[in-house]
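Residues per chain are reported as follows:
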Amino acid sequence: MDERPTVGVKYCGGCNPRYDRVALVQQLAAAFPRLSFSHARPEEPRDILLVVCGCSARCADLTGLEGRPFHICGSGDLKAAEEFLREFLEEVSP
């Protein structure tokens, strides 16, 4: 059983794709192997809820999803997401 902290990924509808959202999540997953990334599902609470949007409208429906949210609204948010994930790991690591 995977004991790594979990990151649920929720994508918006993608009607305004300003950047490659999937590639950005793949980059984060590669940079943070101590975290387990998967799609967010209402029946599966996650430690972190990574909300990946195409623009600042933040239209992704988060109904029923559990986890500490962080919104990414463009590739310019990559550094902030990395910092958020680093800080989370510092909190949960002994």
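Below you will find a few notes about this structure. If you're wondering where the values come from, they're calculated on a predicted model, not measured in any experiment.

### Some points on the overall build of the protein
Thinking step 1. Within the protein, the secondary structure is distributed over 2 helices and 4 strands.
Thinking step 2. Seen in sequence order, the protein has helices and strands lined up from the N terminus as β-α-β-β-β-α.
Thinking step 3. Over its C-alpha atoms the protein spans a radius of gyration of 13 Å, differing by no more than 12% from the 12 Å that the globule rule assigns to 94 residues.
Thinking step 4. Expressed along its principal axes, the backbone C-alpha trace of the protein runs to roughly 40 × 30 × 20 Å.
Thinking step 5. A total of 94 residues make up the protein; the buried ones form 39% of that total.
Thinking step 6. Contacts in the protein between residues far apart in sequence, at least 24 positions, make up 63% of those at least 6 positions apart.
Thinking step 7. For the protein, the computed accessible surface area is about 5500 Å², with 50% contributed by carbon and sulfur atoms.

### Regarding the pattern of salt bridges
Thinking step 1. In total, this model carries 5 salt bridges according to the counting rule given.
Thinking step 2. Among the salt bridges present, the one from E91 reaches R68, with a minimum N-O distance of 2.9 Å. In this pair, E91 sits in helix α2 (residues 78-92) while R68 sits in strand β4 (residues 68-72), placing the two residues 23 residues apart along the sequence.
Thinking step 3. With a closest N to O distance of 3.9 Å, E82 and K79 form a salt bridge. One end of the pair is E82 and the other is K79, both in helix α2 and 3 residues apart, which spans about a single turn.
Thinking step 4. Here the salt bridges share partners, and the residues they tie into one network are R41, E44 and R46.

Parameters and conventions
Residues numbered from 1 in each chain as written. Predicted model: local features only at pLDDT ≥ 70, side-chain atom pairs only at ≥ 80, totals over all residues. Heavy atoms only, no water. Helix = DSSP H or I, 4+ residues; strand = E, 2+ residues; numbered from the N terminus. Rg over C-alpha atoms; globule rule 2.2 N^0.38 Å. Buried < 20%, exposed > 50% of the residue type's maximum accessible area, 1.4 Å probe, protein only. Contact = heavy atoms within 4.5 Å. Areas by Shrake-Rupley, 256 points an atom, 1.4 Å probe, with all protein chains shown as cover. Salt bridge = Lys/Arg side-chain N within 4 Å of Asp/Glu carboxyl O.

Interpretation in functional terms is not warranted from these geometric data alone.
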